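Topology and contacts: notes
This is what each chain is made of:
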Amino acid sequence: MFDMTKKTAVLHFLKRYLLITSGCAIFALGIALFLDPNKVASGGVSGLAIILNYATQKVEWLNTGIWIVFLNIPLFILGFIFFGRKFILSTIYSTVVSSLFIELFGFIFKKFLPLTDDIVIAGVVGGALMGLGMGIIFRLGSTTGGTDIVVKILRKKFRFIKTGIISLIVDLVIIGISTIVFREFSLAFYTVISLIITTVSLDWVLYGGDSAKLMYIITDSEHAEKISEKILKELDISATYINGEGAYTGEGKRIIMCAIKKYLYPKLKDYVHEIDPGAFTIVTSAKEIYGEGYKNHKDGDL
């Protein structure tokens, strides 16, 4: 039993880090192939480091890379305090691996860069890839370091604000500072477009994939059993019975409540119409669902 438990834990660990690595690769593709070659700057620690490097240019040994290290040290400490050792180890891994991928992709595709001279296309595609990669990394309980740690801490405090929005606000502040310092207003405009795309992409990965339909099917007991059989066997999802009574007729009613993925909804709609065309059905959107088949309850702080 111990060996099986240990084997399962190892497989889970390897799967988690394999997915984190894939997220780092996607994140790095956006930066290396689209944003960097077209000088579409990003916010975060790298943006702050560039500003500080400009402010301290008289100090030869203080370059952008050194500032990135200096700025990340207190952020890693904060991450350890708020989220523990497991989080900070995976964050350091994500930070290092994504940096290595950026260098690797830059070297491999050097002859083909920039892939596009259109800054808008570069900002949109690069931002989408960044958001997708960050979303995968965030969902696995890690970050790419830097201000992502600040975003995660703020998300823990302000749970009603989505991660992508917090990230956008933090980055906009940094970009605002860099615009004042460097007076690159046109480039800042394209950077903001890229960040908005990153925000949409990030929030879609974190929240959009779990959106579903919430259905209330009001019918009689006989039809309810047949509909539930279809739900359980054909759609392989669960449902809950609620006993009700018609206010006008006084007749007993069976209410079937179930959360269903959007792509399965048309099938269930057809089943209900086929079994009981007179069923009263209420359909609404379910933005966040926690439980088996959906998000883990711990994902609420993403």
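Use the structure listed above.
It should be emphasised that the depicted structure is a prediction, and the values quoted were computed from it without experimental measurement.

Our next topic: the overall build of the protein. When helices and strands are counted, the protein shows 10 helices and four strands. Starting at the N terminus and walking to the C terminus, you meet the elements of the protein as α-α-α-α-α-α-α-α-β-α-β-β-α-β. Taking 302 residues into account, the globule formula puts the C-alpha radius of gyration at 19 Å, and the protein, at 25 Å, lies well above it. Principal axes of the C-alpha set define a box for the protein whose edges measure 85 × 55 × 40 Å. A burial count over the protein gives 40% of its 302 residues as buried. Relative to all contacts within the protein whose residues are 6 or more apart in sequence, the contacts with residues 24 or more apart total 75%. As displayed, the protein has an accessible area near 17,600 Å², and 65% of this comes from carbon and sulfur atoms. Of note, the protein has its 31 positive side-chain charges centred 7 Å away from the centre of its 26 negative side-chain charges.

What follows is about the sheet that holds strand β3 (residues 252-261). Spatial ordering of the open sheet is given by β2-β3-β1-β4, a layout of four strands whose pairing is antiparallel. Here the strands that pair on one side only, and so sit at the sheet edges, are β2 (240-245) and β4 (280-286). Strand-to-strand twist across the sheet, computed as the mean angle between neighbouring axes with direction ignored, equals 20°. In this sheet, β3 lies alongside β2 in antiparallel orientation, the contact comprising six bridges. Bridge pairing in β3 links N243 to R254. Those strands touched by helix α9 (residues 221-234) are β1 (212-219), β2 and β3, and its axis lies near 15° from that of β3. In the packing of helix α10 (residues 265-275) onto the sheet, contacts are made with β1, β3 and β4, and the angle to β1 comes to roughly 5°.

Right, let's talk about the packing of α9 against α10 for a bit. Relative orientation of the contacting elements α9 and α10 amounts to 155°, with a least axis distance of 10 Å. In terms of axis orientation, α9 runs roughly antiparallel to α10. Where α9 crosses over α10, the handedness of that crossing is right-handed. Counted together, H223, K226, I227, K230, I231 and E234 of α9 and L268, Y271, V272 and I275 of α10 form the full contact between these two elements. Looking at the contact of α9 with α10, its residues break down into six nonpolar, one polar and three charged.

Next up on the list: the pairing of β1. Taken together, the eight bridges between β1 and β3 define a ladder with antiparallel strand orientation. Across the sheet, residue A212 finds its bridge partner in β3, namely K261.

All right, on to unusual backbone geometry then. A cis geometry characterises the amide bond from L113 onward to P114, with omega recorded as -5°. Looking at the element boundaries, P114 is found in the loop between α4 (85-108) and α5 (119-139). Notably, D236 is not glycine yet its phi reads approximately 55°, a positive angle. With respect to the secondary-structure elements, D236 resides in the loop between α9 and β2. The exposed category is assigned to D236, whose relative accessible area is 67%.

Reading guide: rules and limits
Residues numbered from 1 in each chain as written. Predicted model: local features only at pLDDT ≥ 70, side-chain atom pairs only at ≥ 80, totals over all residues. Heavy atoms only, no water. Helix = DSSP H or I, 4+ residues; strand = E, 2+ residues; numbered from the N terminus. Rg over C-alpha atoms; globule rule 2.2 N^0.38 Å. Buried < 20%, exposed > 50% of the residue type's maximum accessible area, 1.4 Å probe, protein only. Contact = heavy atoms within 4.5 Å. Areas by Shrake-Rupley, 256 points an atom, 1.4 Å probe, with all protein chains shown as cover. Lys, Arg positive; Asp, Glu negative; His and termini not counted. Charge placed at Lys NZ, Arg CZ, Asp CG, Glu CD. Pairing = 2+ DSSP bridges. Axes fitted to C-alpha atoms, helices over the stretch in contact; angles between N-to-C directions. Parallel < 35°, antiparallel > 145°, perpendicular 65-115°, else oblique. Left-handed = near helix turned anticlockwise from the far one by under 90°. Nonpolar A, V, L, I, M, F, W, Y, C, P; charged D, E, K, R; others polar.

Without other data, these values stay purely geometric and don't point to any function.
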